[in-house]
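# Understanding the architecture of this molecule
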Amino acid sequence: MAKDPPLIIGEETWKLALEASGDGVWDWHIQEGVEHFSPGFLSIYGYTLEDLAADPDAIDALTHPDDREQMARDRQAHFEGRTAVYRNEHRVRCKDGSLKWVLTRGMVIARSADGRPLRMVGTHTDITSRKLVEAQTWRQAHHDALTDLPNRRLLTERLSTEIKHARRDGHQLALMALDLDRFKAVNDQWGHDAGDELLRQAAQRIAACIREVDMVARLGGDEFIVLLTDVQGEPSCIERVASALVARLDEVFTLGGHKASVSASIGIALFPTDAHDARGLFKRADQALYAVKRAGRRGYRFAGDALQDAAQARSRLGQELRQALDREEFRVHVQPVLPIDAGPCLHAEVLLRWQHPVLGLLGPGSFLALAESSGLIRDIGSWVLRDSARWLRQWRETLHPDLSLSLNISGVQLREWSGKVTDWTAHLHQLGVPGSGVVLDLRESLLRDTHLRGLLQLPALRAAGVGVALDDFGNADSRLDSLRHPGLSQVKLARELIVGLKPHSREAAWLSALVQLARSQGLRTIAKGVESAAQVQVLSRLGVDALQGQHLAAAVPAADFSDWWQAHRPAP
Ligand SMILES: Nc1nc2c(ncn2[C@@H]2O[C@H](COP(=O)(O)OP(=O)(O)OP(=O)(O)O)[C@@H](O)[C@H]2O)c(=O)[nH]1
């Protein structure tokens, strides 16, 4: 190893000179892995010599993790001779746990013959106050003083970054221009201070409606911009945020002793559908906002015609759905489930239909998502239970005392029953139906939902005699261990497993294994979507317990089930 070259002035002299300037001095013998710290260095952070071993790793470990990478890069650049001086700003954890910003500067003062750095000396300068002032200045320049929300400048910077990311990852963004309606009246009636307070509260309400990754900015006056990042899937997610904003800002504001009301108008532009850059997005969102204002204020509108039309159609359907219960437009239909041994039909699945006054008879696919997202599913679900119970009581008296019905249950309903299974079974009892008359059809995702699993209390349902079926099992997302869920009594095999089923095929072998597995867990198996006599033959050989499908028995209005049952009862 090369010997350190002689220094021109005595080491102690320059170290003292550096210390006198208020900086801390470090002296790193790189190859030996030893680093010495001056008393001034230690006192910046409140450490003593005993606290910090003469070890470069010890001080590196106190460096803020977010700053380590850049520090290593700057150091390397100097080692490789790309910079004349090593220079880096980073945060160091002090003995009392606080963080200090420091500027470190240093130089390699000795290298080996082949150019490897041997020794480096440098200083730490405490720059915490400068950093605080910089952060404050940055904050003031990027935030609105009244509401503390990001201002136009920060929004513009963020939007440009988000557009770059969205372009790269193929994501959508939504830019909402939100303006309060008749806000001037609040200023006029209660004064400017009350108006300011309303703006502050409105800012909080808006922020509470969006996710952390989204952004709300105040442009000035009563104008806000909401930026939704990484918008995936249906525009209905954007609509949900927009309607939540409209609803939240509709609520009365308490301003000191006064109560004031405003509403909100929102224009929504999407990247990349409506515009490809920030200017275009602002313009399209503004146009949509003014269309809302012109149409009488309060509400939201998409810039794109197709989305606007779809949103309007959904909103109309939502309103009609709300009225459908009062107007008694829902209908219970039932699809018979037939035992494989050709015995009498003792079970049927309840299928909800909506007799829409204009669109005709609608299946759940047309309205269930809307019912779930609006929470209407609770009322609709209760109605389905009451009506199904009414029919079932009648059929158990007139057709067969062992008849039972299965009901599709959504996550929203399950959450509502959380911990109240006994209340629910008591309700069933009040409706005159024993537990054994009902099977709950649950999608696999509900069983797997760790939150719901705690609430489900499936064994409690079983104790009340209520059957629980795992619905649509065997599709692409299914997991075999779902069959082990305690409390299950049946499994309904997915349509995908039955379509194209041929004897002695690989599909038949796979289905046979699933049926055996379900049986080994004590579960009854029902094949759904049975469409042909050939499928019936294969399924009966595989040992499936019951069949359901268009080929065997189509769904019928509940009022017609009795006739169907009488017509199809096996000959004595
Ligand atoms: N209190 C308060 N008022 C402000 C502030 N900035 C702007 N304004 C007032 O906010 C009002 C905004 O104007 P407009 O949006 O046209 O008023 P508006 O009554 O909401 O009208 P529409 O949007 O057409 O319903 C003006 O009266 C401004 O003077 C502020 O920081 N604080």
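For the structure itself, look to the data block above.
Figured I'd write up the structure that's included with this text. (Residues numbered from 1 in each chain as written. Predicted model: local features only at pLDDT ≥ 70, side-chain atom pairs only at ≥ 80, totals over all residues. Heavy atoms only, no water.)

This brings us to the sheet that holds strand S1 (residues 24–29). What holds strands together in a sheet is hydrogen bonding between their backbones, with the strands either parallel or antiparallel. Across the sheet, which stays open at both edges, the 5 strands sit in the order S2-S1-S5-S4-S3 with antiparallel pairing between neighbours. The open sheet has two free edges, formed respectively by strand S2 (34–37) and strand S3 (86–93), since each of these has just one partner strand. Across the sheet, the axes of successive neighbouring strands diverge by a mean angle of 25°, strand direction being ignored. Two strands pair when backbone bridges link them, and S3 and strand S4 (residues 99–111) are joined in this way by 8 bridges, in the antiparallel orientation. Across the sheet, residue Arg91 finds its bridge partner in S4, namely Trp101. Running over the sheet, helix H5 (residues 128–142) touches S3, S4 and strand S5 (117–126) and is turned about 125° from S4. (Pairing = 2+ DSSP bridges. Helix = DSSP H or I, 4+ residues; strand = E, 2+ residues; numbered from the N terminus. Axes fitted to C-alpha atoms, helices over the stretch in contact; angles between N-to-C directions. Contact = heavy atoms within 4.5 Å.)

The next subject is the sheet that holds strand S6 (residues 172–181). Strand order in the open sheet formed by 5 strands is S7-S8-S6-S11-S12, with mixed pairing between adjacent strands. The strands lining the two open edges of the sheet, one partner per strand, are strand S7 (215–220) and strand S12 (299–302). Between one strand and the next, the sheet's axes are offset by a mean angle of 20°, whatever the strand orientation. Two strands pair when backbone bridges link them, and S6 and strand S11 (residues 263–271) are joined in this way by 9 bridges, in the antiparallel orientation. The residue of S11 that forms the bridge with Ala177 is Gly267. Together, S6, strand S8 (223–231), S11 and S12 form the strand contacts of helix H10 (residues 278–294), whose direction differs from that of S11 by roughly 145°.

What follows covers the nonpolar core. Core analysis: the biggest nonpolar cluster contains 74 residues, and Leu321, Phe330, Val334, Trp395, Leu539 and Phe561 have the highest contact counts within it. Among all residues touching Leu321, those that are not within four sequence positions of it are Phe330, Trp354, Phe367, Leu370, Ala371, Leu376 and Ile380. Core analysis: the second largest hydrophobic core is formed by 38 residues, Leu198, Ala242, Leu255 and Ile268 among them. (Core = buried A, V, L, I, M, F, W, Y, C linked by side-chain atoms within 4.5 Å. Buried < 20%, exposed > 50% of the residue type's maximum accessible area, 1.4 Å probe, protein only.)

Near the ligand, the surroundings consist of 17 residues, among which Arg182, Asp196, Asp222, Lys293 and Arg297 are the closest. Taking Arg182, its main chain carries an N or O atom lying 2.7 Å from an oxygen atom of the ligand. At 2.8 Å, a side-chain N or O of Arg297 approaches an oxygen atom of the ligand. Elements supplying a minimum of two residues to the shell around the ligand: S6, helix H7 (184–190) and helix H8 (192–208). For the shell around the ligand, the class distribution of residues is 4 nonpolar, 4 polar and 9 charged. (Near = heavy atom within 4 Å. Polar contact = N/O pair within 3.5 Å; in protein donor to acceptor, adjacent residues only side chain to side chain. Nonpolar A, V, L, I, M, F, W, Y, C, P; charged D, E, K, R; others polar.)

This part covers the pairing of S8. Within S8, 7 of the 9 residues are buried, leaving the element largely enclosed by the surrounding structure. Pairing of S6 with S8 involves 7 bridges; the strand directions are antiparallel. Bridge pairing in S8 links Ala174 to Leu228. The pairing of S7 with S8 spans 5 bridges and is classified as antiparallel. Looking at the pairing, Val216 lines up with Val226 of S8. What sits between the antiparallel neighbours S7 and S8 is a turn of 2 residues, in which Gly221 has the positive phi angle 50°.

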